[in-house]
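So the chains spell out like this:
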Amino acid sequence: MARNENSAAGGEGERRNRDRGERRERGENRDRREEREGDDLVEKLVGINRVAKVVKGGRRFGFAAIVVVGDAKGRVGVGSGKAREVPEAIRKATEQAKRSMIRVPLREGRTLHHDVFGHFGAGKVVLRAAPPGTGIIAGGPMRAIFEALGVADVVTKSVGTSNPHNMIKATFDALAQCVSPRSVAARRGRRVSDILGKRDGEKEAA
């Protein structure tokens, strides 16, 4: 009886050790993958604010950071982090930004396919496609987003709040609405030339 209990306990211990080893291996693989992705990523520090937490006996000061991360090839993400020290807050924000990256279709790899409007809270933004040579006409946090995204020509306008959090979230709301002619054609069961030809025809008629 005691031998059976010992063998069962030993089997349970082996399974537990095996599970721990698998979890450790998955974590190492994830870290290596993030390191490979981080080699080609562009990191933009949007802002750092000092924050205070009221605790028993006084206030505890810390720092809050906003970071935008992108690969300059159509992927971008934003993250925020809080910590007692600035480097730790930036590290937390960068990790969150890498986890929240989205892909935005770009025309010719330099501008948006169409104009979009986005809003979040009191922040409202308008993003417009631009011809070559226009550059990034944007200010503050929006410029950091487009530089990390890899956009070379775009015209933007922010209306309402100047809070960087709301401006960034409104910009991401607009970017999430961007679609390419290929995806629209696939959704409608049409050819890309039909979609683009219709759009050009409407411009000429206007």
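Residues numbered from 1 in each chain as written. Predicted model: local features only at pLDDT ≥ 70, side-chain atom pairs only at ≥ 80, totals over all residues. Heavy atoms only, no water.

## Quick look at the packing of aromatic side chains
Scanning the model with the defined rule gives zero aromatic pairs in all. Positioned above the aromatic ring of Phe61, the side-chain terminus of Arg50 is 4.3 Å from the ring centre. (Phe/Tyr/Trp six-rings, centres within 6.5 Å; stacked < 30°, edge-to-face > 60°. Lys NZ or Arg CZ within 6 Å of the ring centre and 35° of its normal.)

## With respect to the pairing of strand β5 (residues 116-120)
Taken together, the five bridges between β5 and strand β6 (residues 123-129) define a ladder with antiparallel strand orientation. The residue of β6 that forms the bridge with Val116 is Leu127. (Pairing = 2+ DSSP bridges. Helix = DSSP H or I, 4+ residues; strand = E, 2+ residues; numbered from the N terminus.)

## Let's talk about helix α2 (residues 86-99)
With 14 residues, α2 should reach 20 Å at 1.5 Å per residue; the first-to-last C-alpha distance of 20 Å fits that figure. Of the positions making up α2, those classed as buried are Ala89, Ala93, Thr94 and Ala97. Seen from one end, α2 has its buried residues packed into an arc of 135°, which puts them on one side. In α2, the exposed positions that point more than 90 degrees away from the buried face belong to Pro87 and Arg99. Where α2 is buried, its residues contact β1 (42-55), β2 (58-70) and β3 (75-83). (Expected span 1.5 Å × (residues − 1). Buried < 20%, exposed > 50% of the residue type's maximum accessible area, 1.4 Å probe, protein only. Arc of directions from axis to C-beta. Contact = heavy atoms within 4.5 Å.)

## Some points on the packing of helix α3 (residues 141-149) against helix α4 (residues 164-175)
Relative to each other, α3 and α4 sit at 40°, their axes nearing to 9 Å. By the angle between their directions, the pair α3 and α4 is classed as oblique. Every pair of crossing elements has a handedness; the one defined by α3 and α4 is right-handed. Contact residues: α3 offers Pro141, Met142, Ile145, Phe146 and Leu149, while α4 offers Pro164, Met167, Ile168, Thr171, Phe172 and Leu175. Each residue belonging to the contact of α3 with α4 can be placed in one class, and the counts come to 10 nonpolar, one polar and no charged. (Axes fitted to C-alpha atoms, helices over the stretch in contact; angles between N-to-C directions. Parallel < 35°, antiparallel > 145°, perpendicular 65-115°, else oblique. Left-handed = near helix turned anticlockwise from the far one by under 90°. Nonpolar A, V, L, I, M, F, W, Y, C, P; charged D, E, K, R; others polar.)

## Describing the sheet that holds strand β7 (residues 136-137)
One open sheet accounts for four strands, arranged β5-β6-β8-β7; its pairing is mixed. Strand pairing shows two members of the sheet lacking a second neighbour, β5 and β7, which therefore form its edges. Strands β6, β7 and β8 (154-160) of the sheet are contacted by α3, whose axis makes an angle of about 150° with β8.

## Re the pairing of β2
Examined bridge by bridge, β1 and β2 share 13 bridges and lie antiparallel to one another. Residue pairing across strands places Val51 opposite Gly62, the latter belonging to β2. Here β2 pairs with β3 via eight bridges, running antiparallel. Looking across to β3, one finds that Phe63 is bridged to Ala83. Remark: four residues form the turn of the hairpin made by β2 and β3, two consecutive strands paired antiparallel; Ala72 in that turn has positive phi of roughly 60°.

## As for the sheet that holds β2
Taken together, the four strands give an open sheet; going across it, the order is β1-β2-β3-β4, and neighbouring strands pair in antiparallel fashion. The open sheet terminates on both sides in strands that have one partner only, identified here as β1 and β4 (102-103). Bridging between β3 and β4 involves two bridges; their strand directions are antiparallel. Following the sheet pairing, Val76 is matched in β4 by Ile102. Across the sheet, α2 lies against β1, β2 and β3, angled at about 145° from β3, the strand it touches most.

## What to know about the pattern of salt bridges
In the structure shown here, the tally under the stated rule is seven salt bridges. For Arg91, the salt bridge goes to Glu95, with nearest N and O atoms at 2.6 Å. Linking Arg91 with Glu95, this pair stays in helix α2, spanning four residues, or about one helical turn. Asp115 is paired through a salt bridge with Arg128; the nearest N and O atoms lie 3.2 Å apart. Within this pair, whereas Asp115 is found in the loop between β4 and β5, its partner Arg128 is found in strand β6, the two being separated by 13 residues in sequence. Judged by its relative accessible area of 43%, Asp115 is partly exposed. Judged by its relative accessible area of 46%, Arg128 is partly exposed. The network of salt bridges with common partners includes Lys44, Arg143 and Glu147. (Salt bridge = Lys/Arg side-chain N within 4 Å of Asp/Glu carboxyl O.)

Keep in mind these numbers describe shape, not what the thing actually does.
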